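The lines below spell out each chain.
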Amino acid sequence: MTLKNEGQGFALADGIALFEEPDSDALAGTFLYWISDLTFFENGVKGYAGRMMRVFLTPGFPELVLDVGGRVPTLVEVMNNVSATFHGISSVYIPHLDIFSGTIGTYDDNAIYQFWDDGTKSSPWTAYEVLDHGDPYKQSFSSGWSGVAVMNWVEVDEVAEATGIDSSLLTLETFDTLYEALHTEAKEKLVDAQNEYDESIVSEYSAGHAIVPTLCWVTGVTFFLKKIIL
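These numbers were taken from a predicted model, which means no experiment stands behind them. (Residues numbered from 1 in each chain as written. Predicted model: local features only at pLDDT ≥ 70, side-chain atom pairs only at ≥ 80, totals over all residues. Heavy atoms only, no water.)

Attention shifts here to the overall build of the chain. Regarding its fold elements, the chain presents four helices and nine strands. Moving toward the C terminus, one meets the helices and strands of the chain in the order α-β-β-β-α-β-β-β-β-β-β-α-α. Expressed as a percentage of the 230 residues in the chain, the buried residues total 38%. Sequence separation of at least 24 residues holds for 58% of the intrachain contacts in the chain that already meet a minimum separation of 6. Total accessible area on the chain is roughly 12,900 Å²; 59% of this is exposed by carbon and sulfur atoms. (Helix = DSSP H or I, 4+ residues; strand = E, 2+ residues; numbered from the N terminus. Buried < 20%, exposed > 50% of the residue type's maximum accessible area, 1.4 Å probe, protein only. Contact = heavy atoms within 4.5 Å. Areas by Shrake-Rupley, 256 points an atom, 1.4 Å probe, with all protein chains shown as cover.)

Shown next, in the form of structure tokens:
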């Protein structure tokens, strides 16, 4: 499989993520990376940029993340029993190392993944996420984590076997359709989450400020009564 010849690629990633929650155990997970919409660049350097869907293959993994105080990027069901998040991917060739150095970014979060592709079947992978105080989710204050994994580059038939997705659906055209639907629904969920978050902040702010005049009124009345009595 070559990304340039086929216009897309697949990798099965197996790894662990350790969240910041004290005494929490590392979470193990398996994911499918479906990489497509690739644009290649050759102008002094060789590289590519593309779009990617990350399909969750470990049952209950999002719930495990929530249990340790983390948050999962906006998850959307793109097929029956197939849920994914959306990402960007880029990689550049490093001549003196004879390797492609790549980065995967999460479009609705600030997690960063780095991988190194030497042309063999397996690529090492590291990742991290720091606290994102602009994230409209309460888990954003406890969602820091670090991780390590291996990306095993696979063919269409291997993807079908590992995921149960019909191999006839693993095409460039299907990716475009699913990615557009995923992007649209994920953005709608993010807007809803932001609105809920903003409303909760306003509510907390209003409740806090309502206490101040009440306390001032009670204090004033108490002072006035003391003057009359004394």
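In this section: unusual backbone geometry. Although it is not a glycine, Asn81 sits at a positive phi angle of roughly 60°. Looking at the element boundaries, Asn81 is found in the loop between strand E4 (76-79) and strand E5 (82-94). One non-glycine residue with positive phi stands out, namely Asp98, at about 50°. In this fold, Asp98 is placed in the loop between E5 and strand E6 (99-106).

Considering all chains together, one arrives at 15 aromatic pairs under this definition. Ring centres 5.6 Å apart and planes at 50° place the aromatic pair Phe86 and Tyr107 in the tilted group. Here Phe86 is found in strand E5, whereas its partner Tyr107 is found in the loop between E6 and strand E7 (112-117), with 21 residues between them in sequence. For Tyr107, a relative accessible area of 44% translates into the label partly exposed. With 6.4 Å between their ring centres and 75° between their planes, Phe86 and Tyr179 make a pair best called edge-to-face. Within this pair, whereas Phe86 is found in strand E5, its partner Tyr179 is found in helix H4 (residues 172-229), the two being separated by 93 residues in sequence. For the pair shown, Phe86 and Tyr179 are each scored as buried. Taken together, the aromatic side chains of Phe10, Trp34, Phe86, Tyr107, Phe175 and Tyr179 make up a single cluster linked through ring pairs. Seen from the ring of Tyr93, Lys46 lies directly overhead, with NZ or CZ sitting 4.9 Å from the centre. (Phe/Tyr/Trp six-rings, centres within 6.5 Å; stacked < 30°, edge-to-face > 60°. Lys NZ or Arg CZ within 6 Å of the ring centre and 35° of its normal.)

What follows concerns the environment of Tyr128. You can see Tyr128 is positioned in strand E8 (residues 122-129). Distance in space between the C-alpha atoms of Tyr128 and Gly144 is 7.4 Å, their sequence separation being 16 residues. Once residues within four sequence positions are removed from consideration, Tyr128 is found in contact with Asn110, Ala111, Ile112, Trp145 and Ser146.

Residue placement: Phe40 occurs in strand E2 (residues 27-42). In this structure the C-alpha to C-alpha distance between Phe40 and Val92, which are 52 residues apart in sequence, comes to 9.9 Å. Dropping the residues within four chain positions of it, Phe40 is found in contact with Leu3, Lys4, Gly47 and Tyr48.

With that settled, consider a negative patch on the surface. Negative charge collects at one region of the surface, where Glu6, Glu155, Asp157 and Glu161 lie side by side. Tracing the backbone shows Glu161 in helix H3 (residues 156-163). Given the relative accessible area of 71%, Glu161 is considered exposed. (Patch = residues over 30% accessible without salt bridge, like charges linked within 9 Å, V, L, I, M, F, W, Y side chains within 5 Å. Salt bridge = Lys/Arg side-chain N within 4 Å of Asp/Glu carboxyl O. Lys, Arg positive; Asp, Glu negative; His and termini not counted. Charge placed at Lys NZ, Arg CZ, Asp CG, Glu CD.)

Once that is clear, we can look at the pairing of E7. Sheet faces and side chains relate simply in a regular strand, where the side chains alternate between the two faces. Of the two faces of E7, the one lined by Tyr113, Phe115 and Asp117 is fully buried and the one lined by Ile112, Gln114 and Trp116 carries no buried residue. By the bridge criterion, six bridges tie E6 to E7 in an arrangement that is antiparallel. Its bridge partner being in E7, Thr103 is matched across the sheet by Gln114. The turn joining E6 and E7, which pair antiparallel and follow one another in sequence, is formed by five residues. Pairing between E7 and E8: four bridges, direction antiparallel. Its bridge partner lying in E8, Gln114 is registered against Thr126. (Pairing = 2+ DSSP bridges.)

Let's shift gears to a nonpolar patch on the surface. A surface patch of nonpolar side chains, about 230 Å² in accessible area, is lined by Phe41, Val45 and Val92. Along the chain, Phe41 turns up in strand E2. Relative accessible area serves as the criterion here: at 44%, Phe41 is assigned to the partly exposed category.

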